[in-house]
Amino acid sequence: MSNMEEAVSAELQALSSKRASLKDKLKRRREAMGSILSMAEAAASAPSSSTKLGEDGKEASKTVEEKSFSAPNNKIPKTDTEEHREEKAPSENKTKNASSSRVISGKKRTSADNDDILSLLSMQSAKEKQDKEHREEILELLSKPTAKERTLMDSFKSQSGGGVKEFCAHSTKNECMKVSGKGKPCDKLHFAKIIQAHTDESLGDCSFLNTCFHMDSCKYIHYEVDMDDIRASRQQDLLQKQGPEAGAVVRSRHLLETRNLVSPQWVQCDLRNFDLSVLGKFSVIMADPPWDIHMELPYGTMSDDEMRQLPVPTLQEEGLIFLWVTGRAMELGRECLKLWGYQRVDELIWVKTNQLQRIIRTGRTGHWLNHGKEHCLVGMKGSNLKLNRGLDCDVIVAEVRATSHKPDEIYGIIERLSPGTRKIELFGRPHNVQPNWVTLGNQLDGIVVHDAEVLTRFNEVYPDGYELVKGMVLHPRKEP
């Protein structure tokens, strides 16, 4: 691979040097042609100027003669010389007109020649076209995924082969038809307006849309996904499954079944006093802590010292940690990673969109500016980690839902990065439970554990059950 890269780089350098030399030649040619054109223009303008001077002189003399002999009742008889001059004047005028027309036509020819020469100079030569084709071929080869990369990407395709339906950029069907000028909307998903008795359409759209806390009384316009589009999408998926691609779907399902998928597990607990060692070791940790960001929030927060003292190192000897941070917690999060034994190696950014898939400009957080994004720090412990590098981007563009509800895309990114490994999420809620994940948080529903080893250790550490708060004792169960 290194020899191929060296050969490609050497060829690119040779092409760039040839291109530079061709540019220099073209520049010198343009300068020469420019000097020739300027000389031609100067030569063409010389006769016209002399002709103009002659005409001006004759007009001036004619004016003087008219002033001198314009007295009334003075009729001076004409001499033979004057008569000869008058007879000669029409022929001279014809000669002047012919010469001026020749000058004008010469100027037109000169400008046309200039345009032809400039168009020829701006055209690419055969050598330049060939070099451009070579460069495009090389770039195309470099951008194509290898066979190994294609196999790896195919292994993560969804079961139905599609899975995602794109929203129309014009939101509603009426706007879609209005912009496109067609009699029917496009095949993408659209939104329908929710018009209630108290809705005032003249006010426009609600800034918070489906995250509005006062939707029952809000006078602004809200939206919902058009149900006709959903029904059409489901019917299309059903037809695809029954069509010739059914074999591909079966192969995809077989590939997914080869992985060891463990049902979701969760523990309702207070992370400040729960013994995390009973859960064992994990390859990936994700945490969305209740940072104290000095703002009014709809949930309880933890102090900075409580965050620093969390026993996170007991969960992992080597692996990755994904730590969500925002506001003032960005610096504190970096400090915690260092205290827990991690090196920050990367960072994810979640760009928030609203229900209509537009960038949020009226976020509920931020002291000085409205926050339209959140950061997720990526820390690493250890050096010989088996990871699928380079599959995903570090930017997630996803819709905002409930408060502190992170985008589901993060689970797919982590699973593709470290497939089939044990993963744990700290400070999770019911919507966070996922296959292959153990979720911890004080808002979950009891304790559900399927892993026999974890269940044995839990019963050894908490034989009488785990006391979440005084008088509330929880015992593990295998079924939700």
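The structure presented is a predicted model; accordingly, all values stated were derived computationally and were not measured.

1. Observations regarding the overall build of the chain
Line of reasoning, step 1. Counting its regular elements, the chain contains 11 helices and 15 strands.
Line of reasoning, step 2. Out of the 480 residues in the chain, the part that is buried amounts to 29%.
Line of reasoning, step 3. Intrachain contacts of the chain at a sequence separation of at least 6 include 71% that bridge at least 24 residues.
Line of reasoning, step 4. Taken as a whole, the chain presents about 31,300 Å² of accessible surface, with 53% of it coming from carbon and sulfur.

2. A look at the pairing of strand E13 (residues 466–469)
Line of reasoning, step 1. Summarising the sheet, E13 and strand E14 (residues 472–474) pair through three bridges and their orientation is antiparallel. Residue pairing across strands places Glu467 opposite Val473, the latter belonging to E14.
Line of reasoning, step 2. Remark: two residues form the turn of the hairpin made by E13 and E14, two consecutive strands paired antiparallel; Gly471 in that turn has positive phi of roughly 90°.

3. Some remarks on the nonpolar core
A general feature of soluble globular proteins is that nonpolar side chains tend to end up buried together.
Line of reasoning, step 1. Ranked by size, the top nonpolar core spans 41 residues in total, and within it Phe274, Leu279, Trp291, Ile424, Leu426 and Leu440 carry the most contacts.
Line of reasoning, step 2. Every element with two or more residues in this core is listed here: strand E5 (284–287), strand E6 (319–325), helix H9 (329–339), strand E10 (423–426), strand E11 (437–441), helix H11 (452–461) and E13.
Line of reasoning, step 3. Sequence-distant contacts of Leu440, defined by excluding residues within four places in its chain, comprise Val267, Cys269, Leu271, Phe274, Leu276, Leu279, Ile424, Glu425, Leu426, Phe427 and Gly428.
Line of reasoning, step 4. Within the second largest apolar cluster, 21 residues are counted, among which are Leu320, Trp324, Leu348 and Met380.

4. Observations regarding the sheet that holds strand E1 (residues 167–172)
Line of reasoning, step 1. Ordered in space as E1-E2-E3, the three strands form an open sheet in which the pairing is mixed. Unpaired on one side and paired on the other, E1 and strand E3 (222–225) mark the two borders of the sheet. Taken over all neighbouring pairs, the strand axes of this sheet differ in orientation by 35° on average, direction set aside.
Line of reasoning, step 2. Bridge analysis of E1 against strand E2 (residues 189–194) gives two bridges, and the strand direction is parallel.

5. Quick notes on the environment of Ala287
Line of reasoning, step 1. In this structure, Ala287 sits in strand E5.
Line of reasoning, step 2. With relative accessibility at 4%, the residue Ala287 sits in the buried group.
Line of reasoning, step 3. With 138 residues separating them along the chain, Ala287 and Glu425 place their C-alpha atoms 5.6 Å apart.

6. A word on the side chain of Asn354
Line of reasoning, step 1. On the secondary structure map, Asn354 appears in the loop between strand E7 (343–353) and strand E8 (373–381).
Line of reasoning, step 2. The residues contacting Asn354, other than those within four sequence positions of it, are Leu209, Ile360 and Glu399.

7. Quick word on unusual backbone geometry
Line of reasoning, step 1. In the Ramachandran plot, Ser171 falls in the positive-phi region, its phi being about 70° despite a non-glycine side chain.
Line of reasoning, step 2. Here Ser171 shows up in strand E1.
Line of reasoning, step 3. With relative accessibility at 4%, the residue Ser171 sits in the buried group.
Line of reasoning, step 4. We note that Phe427 has phi near 65°; this positive angle belongs to a residue other than glycine.
Line of reasoning, step 5. By secondary structure assignment, the location of Phe427 is in the loop between E10 and E11.

8. A closer look at the packing of aromatic side chains
Two descriptors summarise a pair of aromatic rings, namely the distance from one centre to the other and the angle between the planes of the rings.
Line of reasoning, step 1. Counted under the stated rule, the structure contains seven aromatic pairs.
Line of reasoning, step 2. Seen from their ring centres, Phe274 and Tyr466 are 5.2 Å apart, and the 85° between their planes marks the pair as edge-to-face. With Phe274 in the loop between strand E4 (265–268) and E5 and Tyr466 in strand E13, this residue pair connects regions lying 192 residues apart in the sequence. Exposure class is identical for Phe274 and Tyr466. Each is buried.
Line of reasoning, step 3. Aromatic pair Phe458 and Tyr462: ring centres 5.3 Å apart, planes at 45°, arrangement tilted. Each member of the pair, Phe458 as well as Tyr462, carries the same accessibility label: buried.
Line of reasoning, step 4. Lying across the ring of Trp350, Lys352 places its NZ or CZ 5.1 Å from the centre.
Line of reasoning, step 5. For the cation-ring pair, Lys406 lies above Trp324, with the distance from its terminal atom to the ring centre recorded as 5.6 Å.

9. Here we look at the sheet that holds strand E15 (residues 476–477)
Strand pairing in a sheet relies on backbone hydrogen bonds. The paired strands run either parallel or antiparallel.
Line of reasoning, step 1. Spatially, E9-E7-E8-E6-E5-E10-E11-E4-E12-E15 is the arrangement adopted by the 10 strands of the open sheet, whose pairing is mixed. At either margin of the open sheet sits one strand with a lone partner, and together these are strand E9 (395–399) and E15.
Line of reasoning, step 2. Strand direction decides the pairing type here: E5 and E10, joined by four bridges, are parallel. Each residue of the ladder has a partner; that of Val284, found in E10, is Lys423.
Line of reasoning, step 3. Running at roughly 165° to E6, helix H10 (residues 409–417) makes contact with E5, E6, E7, E9, E10 and E11 of the sheet.

10. A word on empty space enclosed by the protein
Line of reasoning, step 1. The tally for this structure, following the rule as stated, stands at one cavity of 30 Å³ or more.
Line of reasoning, step 2. Computed from the structure, the largest cavity encloses a volume of approximately 30 Å³.
Line of reasoning, step 3. Forming the walls of the largest cavity are Gln265, Trp266, Val267, Leu279, Val438, Val448, Val449 and Val454.
Line of reasoning, step 4. Across the lining of the largest cavity, the residue classes break down as seven nonpolar, one polar and no charged.

11. Describing H11
Line of reasoning, step 1. Of the positions making up H11, those classed as buried are Val454, Leu455 and Phe458. Seen from one end, H11 has its buried residues packed into an arc of 100°, which puts them on one side. H11 presents Ala452, Glu453 and Glu460 as exposed residues on the side facing more than 90 degrees away from its buried surface.
Line of reasoning, step 2. Packing partners of the buried residues in H11 comprise strand E12 (447–448), E13 and E15.
Line of reasoning, step 3. Sitting at the head of H11, Asp451 places a side-chain oxygen 3.1 Å from the backbone nitrogen of Glu453.

Rules behind the numbers
- Residues numbered from 1 in each chain as written.
- Predicted model: local features only at pLDDT ≥ 70, side-chain atom pairs only at ≥ 80, totals over all residues.
- Heavy atoms only, no water.
- Helix = DSSP H or I, 4+ residues; strand = E, 2+ residues; numbered from the N terminus.
- Buried < 20%, exposed > 50% of the residue type's maximum accessible area, 1.4 Å probe, protein only.
- Contact = heavy atoms within 4.5 Å.
- Areas by Shrake-Rupley, 256 points an atom, 1.4 Å probe, with all protein chains shown as cover.
- Pairing = 2+ DSSP bridges.
- Core = buried A, V, L, I, M, F, W, Y, C linked by side-chain atoms within 4.5 Å.
- Axes fitted to C-alpha atoms, helices over the stretch in contact; angles between N-to-C directions.
- Phe/Tyr/Trp six-rings, centres within 6.5 Å; stacked < 30°, edge-to-face > 60°.
- Lys NZ or Arg CZ within 6 Å of the ring centre and 35° of its normal.
- 1 Å grid on protein atoms, 1.4 Å probe; cavity = no way out; pocket = protein on both sides within 12 Å on 5 of 7 lines; lining within 4 Å.
- Points joined across faces, edges and corners; volume = space filled by probe spheres on them.
- Nonpolar A, V, L, I, M, F, W, Y, C, P; charged D, E, K, R; others polar.
- Arc of directions from axis to C-beta.
- Polar contact = N/O pair within 3.5 Å; in protein donor to acceptor, adjacent residues only side chain to side chain.

Scope: geometric values only; no functional claims are made or implied.
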